[in-house]
Amino acid sequence: MLLMMSGCQNQEEEPSEDDQETMDKKPVVSITYDGREIETNEIRSCFEPECSKESAEPDSIDHQEFTEGVNPTEVKDGESITIEVDGEEPSQIYYSQYFERGQSTIEETTLDKGNEININGENKEDGKERYYVVLEWRNDNDEFLGSLSKAFSIEIEETS
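Below, the structure is looked at part by part. In this convention, every chain numbers its residues from 1, walking through the sequence in written order. The predicted nature of this model means local features are confined to residues of pLDDT at least 70 and side-chain atom pairs, given and counted, to a pLDDT of 80 or more, with totals for whole chains, interfaces and linings taken over all residues. Note that the side-chain values use all heavy atoms of the structure and ignore hydrogens as well as water.

With respect to the pattern of salt bridges
The condition that has to hold: Salt-bridge detection follows one rule: a side-chain nitrogen of Lys or Arg within 4 Å of a carboxyl oxygen of Asp or Glu. Numbering of helices and strands runs from the N terminus; a helix is a DSSP stretch of H or I covering at least four residues, while a strand is a stretch of E covering at least two. Using a 1.4 Å probe on the protein chains alone, a residue whose accessible area is under 20% of its type maximum counts as buried, one over 50% counts as exposed, and one in between counts as partly exposed.
The full count for this structure, using the stated rule, is five salt bridges. Two residues, K53 and E136, come together in a salt bridge whose shortest N-O distance is 2.6 Å. Placement of the pair is K53 in helix 2 (residues 53–56) and E136 in strand 9 (residues 128–138), with a sequence separation of 83 residues. The buried category is assigned to E136, whose relative accessible area is 4%. Close ionic contact of E136 with R138 constitutes a salt bridge, the shortest N to O distance being 2.8 Å. The partly exposed category is assigned to R138, whose relative accessible area is 22%. Among the charged side chains, a salt-bridge network with shared partners connects K53, E57, E136, R138 and D142.

Observations regarding the nonpolar core
Counted only if it meets this: Buried Ala, Val, Leu, Ile, Met, Phe, Trp, Tyr and Cys residues form a nonpolar core when they are joined through side-chain atoms within 4.5 Å. Any pair of residues with heavy atoms lying within 4.5 Å of one another is described as a contacting pair.
Ranked by internal contacts, the top residues of the largest apolar core, which has 24 residues, are I81, I83, I117, V133, L135, W137 and F152. Contributing elements (two or more residues each) for this core: strand 1 (28–33), strand 5 (80–86), strand 6 (92–99), strand 9 and strand 10 (144–157). With five residues, strand 10 is the largest single contributor of residues to this core. Apart from the residues within four sequence positions on either side, I81 is in contact with I31, T32, Y33, I38, V75, N115, E116, I117, I119, F152 and I154.

Focus on the sheet that holds strand 8 (residues 116–118)
Here is the rule we go by: In this scheme, strands are said to pair when DSSP sees at least two bridges between them.
With antiparallel pairing, the four strands of this open sheet are ordered in space as 2-1-5-8. Both outer strands of the open sheet, strand 2 (36–37) and strand 8, are each paired with one neighbouring strand and no more. With three bridges joining them, strand 5 and strand 8 adopt antiparallel strand pairing. Along strand 8, the bridge assignment pairs S80 with N118.

Below you can see the structure in the form of structure tokens.
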């Protein structure tokens, strides 16, 4: 009987949730226009194991609150703002845009390759726009590794 019981104890352990992959180095993100870093507010920086996907996102998005105290950067109509990442490239970048005319919001637009937000000014009346940008990192198994969000404000200059 003793021999039978001892044979069942040689099982491999399943990895626990505590063994989840983490990023070696947290990336540094800057937002630039015309080669110069623009003023932003960092809203959240959240990486495993200190936080989860759920705690990485704010309860609500308030473009005006997020950009409070940020001086708007003057941007020429038709140009681009670049999101630069020093470190591992994010799995996804998305943003929402708020513009004063009619207090409208364009919700969650995913950026294609290139990490650029094209400024077209078609929504402007007074030329001011506010952005909330989220970068998210995931591993090969699509498990959350981290997220970083920033907000900034621009004032669009018309091109002649």
